[in-house]
Amino acid sequence: MQLAIIQQKIYDIRGQKVMLDFDLAELYEVPTKVLNQAMRRNINRFPEDFMFTSYHNVFSMVSVQASPVSLPGRNILL
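The paragraphs below set out a description of the structure included in this document. This is a predicted model, so every value here is computed, not measured. (Residues numbered from 1 in each chain as written. Predicted model: local features only at pLDDT ≥ 70, side-chain atom pairs only at ≥ 80, totals over all residues. Heavy atoms only, no water.)

### Side note on the side chain of Lys9
Stated formally: The numbering of helices and of strands both runs from the N terminus, where a helix is a DSSP run of H or I of at least 4 residues and a strand a run of E of at least 2. Exposure categories follow from relative accessible area, calculated using a 1.4 Å probe and restricted to protein chains: below 20% of the type maximum is buried, above 50% is exposed, and the middle band is partly exposed. Should any heavy atoms of two residues lie within 4.5 Å, those residues are considered in contact.
Positionally, Lys9 belongs in the loop between helix H1 (3-8) and strand E1 (10-13). A relative accessible area of 11% places Lys9 in the buried class. Contacts of Lys9, omitting those with residues within four sequence positions, involve Val18, Met19, Asp23, Glu26 and Leu27.

### Topic: the pairing of strand E2 (residues 16-20)
Filter applied, for reference: Any two strands between which DSSP finds at least two bridges are classified as paired.
As paired elements, E1 and E2 share four bridges and run antiparallel to each other. Bridging from a neighbouring strand, Tyr11 pairs with Val18 of E2. Here E1 folds back onto E2 in antiparallel fashion, the turn holding two residues, of which Arg14 has a positive phi close to 50 degrees.

### Topic: helix H3 (residues 32-41)
Rules: Throughout, the arc means the angular range of directions from the helix axis out to the C-beta atoms.
Taken residue by residue, H3 has Leu35, Asn36 and Met39 as its buried positions. Axial view of H3: buried residues confined to an arc of 95 degrees, hence all on one face. Residues of H3 that are exposed and angled more than 90 degrees away from the buried face: Lys33 and Arg41.

In C-alpha cells:
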C-alpha cells in the first residue's frame, strides 16, 4: 500500500497521532471485528494506552477532518 494512503488514515486527536480500528483493519485486509478480537485476546502485547474507545464527541472531530461519516463508539488506536 502506498505511503500516502496510510498517512491519510492517521489522524491528530488532542495532540495524539491515532488510527481508527476500521482503517487499520482495512490495511491488514481483515474485518474490523476480527482485528478487535485479536487485540483483546493479545492485550498484554500492547502498551496500556494503545487502544481506547471513543464516543461521538471525539469521533465527530475526526469525521470533520476525514469525511462526513459519524459512527459513535469506534476504537481508536495510537
